[in-house]
Amino acid sequence: MKAAYIKDFEDWKKGFRFSAPVQVRFSETDMFGHVNNTVPITYFEFARIEYMKELGLMQSWLTGGNELFPVVADIQVDYTQQVYFDEKLEVHVKVESIGNSSINVHYWVTNEKGETCFTGRGAMVQISKKTGKGHPWTEQEKELLTNNRLISSKN
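Parameters and conventions
- Residues numbered from 1 in each chain as written.
- Predicted model: local features only at pLDDT ≥ 70, side-chain atom pairs only at ≥ 80, totals over all residues.
- Heavy atoms only, no water.
- Helix = DSSP H or I, 4+ residues; strand = E, 2+ residues; numbered from the N terminus.
- Buried < 20%, exposed > 50% of the residue type's maximum accessible area, 1.4 Å probe, protein only.
- Phe/Tyr/Trp six-rings, centres within 6.5 Å; stacked < 30°, edge-to-face > 60°.
- Lys NZ or Arg CZ within 6 Å of the ring centre and 35° of its normal.

A.B. asks: A description of unusual backbone geometry should follow, citing residues and the corresponding values.
C.D. replies: Backbone geometry places Asp86, a non-glycine residue, at a positive phi of 75°. Along the chain, Asp86 turns up in the loop between strand S2 (68-79) and strand S3 (88-98). The partly exposed category is assigned to Asp86, whose relative accessible area is 40%.

What follows is the structure, given as structure tokens:
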């Protein structure tokens, strides 16, 4: 498995400090019995939101009167093996890099055996409601986004 955004897979895996569990629902499978190819994006979204909640950023974006909100600018999924109904997965999330108002988020989805099922990446931009353009991260937000002390979210 070689995605262009992963230089060294073993090294890349070590950078993940946060994960969220998901269980494959029947409605997420297709006529062949495996997870539909659109579903991993919803798993990424769920884990990314849990990660942002853990950091405290999601609460800030959802606060009434806040003028900032996150937007996914692009998303990519790389499939490495089929996943079936009722499998339990762990969706790992990390911020790979930080731009002025954007972040490059990476995802790694594993099954109960620890096997890689999907990997992915996506850009998220913090947007100003007033201008409709990217709004720079504060130094405090940058520090939160690079925090490597987060271990895991087991719900």
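More follows now that the structure is in view.
A.B. asks: Go over the packing of aromatic side chains with me, naming the residues and quoting the values.
C.D. replies: Inspection of every chain in the model, using the stated rule, returns ten aromatic pairs. Centre to centre, the rings of Phe16 and Trp108 are 5.7 Å apart; their planes meet at 45°, and the pair counts as tilted. One end of the pair, Phe16, is in the loop between helix H1 (9-14) and strand S1 (18-23); the other, Trp108, is in strand S4 (residues 102-110), and 92 residues separate them in sequence. Residue classification places Trp108 among the buried residues on the basis of a relative accessible area of 10%. Here the aromatic rings of Phe26 and Phe85 are separated by 5.8 Å at their centres, their planes lie at 85°, and the arrangement is edge-to-face. Here Phe85 lies in the loop between S2 and S3 and Phe26 lies in the loop between S1 and helix H2 (39-55), a separation of 59 residues in the sequence. Judged by its relative accessible area of 62%, Phe26 is exposed. The lysine or arginine in question, Lys94, covers the ring of Phe16, its NZ or CZ lying 4.7 Å from the ring centre.

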